[in-house]
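Listed below, chain by chain, are the residues.
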Amino acid sequence: MTIDAPAAPRSADPRSFLFVLGSSRPGGNTEILARAAAEALPPGTAQQWVDLAGLALPDFQDGRHEAGERIGGDAEDLLRDATLAATDVVLASPLYWYTLSAHTKRYLDYWSGWLGEDGLDFKARMAGCTLWGVTAMADREHAAADGLVTTLTHSAAYLGMRFGGVLFGSGSKPGDVRRDTDALARARTFLAGEAPLARFSYERVPMGV
Ligand SMILES: Cc1cc2nc3c(=O)[nH]c(=O)nc-3n(C[C@H](O)[C@H](O)[C@H](O)COP(=O)(O)O)c2cc1C
């Protein structure tokens, strides 16, 4: 199933989470880790799940500077509406070639189209929302995912969003991440963590200055 309905009943938590699954296979390590993090949310917190591999979303085509038809169809509408309805967007992408999976990157490319869509106010509406990342990878060194972290940090900064960081887990075949007990322990508190306003890396003030 591509979309899970929002959890009911609503809790006092005013947040509404969109979990975007970006693996090319179902039930993989990234989804396991993302679901572990979601389980720790206050009961009843609104959440919607989208599996990008189950959506017929064509490659993004840059039509920002010309008039023309949008090509994303129903899948694009669904993703745009779900994105704008969320206070918190959790990108759950496996590490592919040291960065986001193609499914996840394609979804982010659509953000550029929405930024230019008349009357949508995408940037203003995303500002103040929070971006989170969850990733599984074969490597045990989290630094191997620095490229993915930079992509998410800068994307959040560009949109004036908060950034809650990236939850890492290690594993190769589906289910391996269940043996990464540190990752599962971190998942229990991840979405309750601090999410400061995102900054581009070149904006960070050096210590002692
Ligand atoms: C196309 C592709 C590229 C990958 N690139 C990396 C990589 O750069 N670094 C790494 O540690 N693991 C890499 N892996 C391994 C996956 O990150 C790992 O199997 C992960 O658990 C997959 O997550 P999933 O089960 O949610 O799909 C790659 C796997 C695939 C299929």
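Residues numbered from 1 in each chain as written. Predicted model: local features only at pLDDT ≥ 70, side-chain atom pairs only at ≥ 80, totals over all residues.

The name an unreviewed UniProt entry assigns to the protein is Flavodoxin, from the organism Streptomyces solincola.

In this section: the overall build of the protein. Scanning the protein from terminus to terminus reveals six helices and six strands. Taken over C-alpha atoms, the radius of gyration comes to 17 Å for the protein, in line with the 17 Å a tight globule of 209 residues would show. Taking as baseline every contact in the protein between residues at least 6 positions apart, the subset at least 24 positions apart corresponds to 79%. (Helix = DSSP H or I, 4+ residues; strand = E, 2+ residues; numbered from the N terminus. Rg over C-alpha atoms; globule rule 2.2 N^0.38 Å. Contact = placed C-beta atoms within 7 Å.)

Here we come to helix 5 (residues 146-158). Here helix 5 spans 18 Å end to end across 13 residues, near enough to the 18 Å set by a 1.5 Å rise per residue. Leu148, Leu152 and Ala156 are the residues of helix 5 that are buried. The buried residues of helix 5 occupy one face: seen down the axis, they fall within an arc of 60°. As for helix 5, its buried residues are in contact with strand 4 (88-92), strand 5 (130-137) and strand 6 (162-170). (Expected span 1.5 Å × (residues − 1). Buried ≥ 20, exposed ≤ 12 C-beta atoms within 10 Å, placed from the backbone. Arc of directions from axis to C-beta.)

Counting residues in each nonpolar core, the largest one holds 48 residues, and the members touching the most others are Phe19, Val20, Leu33, Ala34, Ala37 and Val90. Those elements that provide at least two residues to this core are strand 2 (16-21), helix 1 (29-39), strand 3 (46-51), strand 4, strand 5, helix 5, strand 6 and helix 6 (181-190). Among the elements that take part in this core, helix 1 stands out by supplying six residues, more than any other. (Core = buried A, V, L, I, M, F, W, Y, C linked by C-beta atoms within 7 Å.)

Per the UniProt record, "domain: Flavodoxin-like fold" (unreviewed entry) is found at residues 18-178. Between the first and last C-alpha atoms of residues 18-178 the distance is 23 Å; the span itself is 35% helix and 20% strand. (UniProt positions renumbered as here; feature names shortened; annotations may be inferred.)

Within the secondary structure, Glu194 is located in the segment after helix 6. Linking Glu194 and Gly164, residues 30 residues apart in sequence, is a C-alpha distance of 6.2 Å.

Taken together, 19 residues sit near the ligand, with Gly28, Thr30, Pro94, Met137 and Asp139 positioned nearest. Here the shell around the ligand is built from residues that sort into ten nonpolar, six polar and three charged. (Near = placed C-beta within 6 Å. Nonpolar A, V, L, I, M, F, W, Y, C, P; charged D, E, K, R; others polar.)

Across the eleven residues that make up helix 1, a large majority, nine, are buried. Within helix 1, the full set of buried residues consists of Asn29, Thr30, Glu31, Ile32, Leu33, Ala34, Ala36, Ala37 and Ala38. In this fold, the buried residues of helix 1 make contact with strand 2, strand 3, strand 4, strand 5, strand 6 and helix 6.

Positive phi is not limited to glycine here, since Trp97 has a value of about 50°. You can call Trp97 exposed: it has 9 C-beta atoms within 10 Å. The backbone of Tyr98 sits at a positive phi, close to 70°, despite the residue not being glycine. Here Tyr98 shows up in the loop between strand 4 and helix 3 (102-115).

Let's shift gears to the environment of Leu95. When you line up the elements, Leu95 lands in the loop between strand 4 and helix 3. For Leu95, a count of 23 C-beta atoms within 10 Å puts it in the buried group. Separated by 73 residues in sequence, Leu95 and Phe168 place their C-alpha atoms 9.6 Å apart. Setting aside residues no more than four positions away along its own chain, Leu95 makes contact with Thr135, Met137, Ala144, Ala145 and Leu148.

As a further point, take the pairing of strand 4. In terms of burial, strand 4 is a largely internal element, five of the five residues being buried. The two faces of strand 4 match: Asp88, Val90 and Ala92 on one face and Val89 and Leu91 on the other face are all buried. Inspection of the sheet shows strand 2 paired to strand 4 by five bridges, in the parallel sense. By the bridge assignment, Phe19 is partnered in strand 4 with Val90. (Pairing = 2+ DSSP bridges.)

This brings us to the packing of helix 1 against helix 6. For the pair helix 1 and helix 6, the least separation of the axes is 6 Å and the interaxial angle reads 45°. Taken together, the axes of helix 1 and helix 6 are oblique relative to one another. Between helix 1 and helix 6 lies a crossing whose hand is right-handed. Between helix 1, through Leu33, Ala36 and Ala37, and helix 6, the contact on the second element is made entirely by Ala183, Leu184, Ala187 and Phe190. (Axes fitted to C-alpha atoms, helices over the stretch in contact; angles between N-to-C directions. Parallel < 35°, antiparallel > 145°, perpendicular 65-115°, else oblique. Left-handed = near helix turned anticlockwise from the far one by under 90°.)

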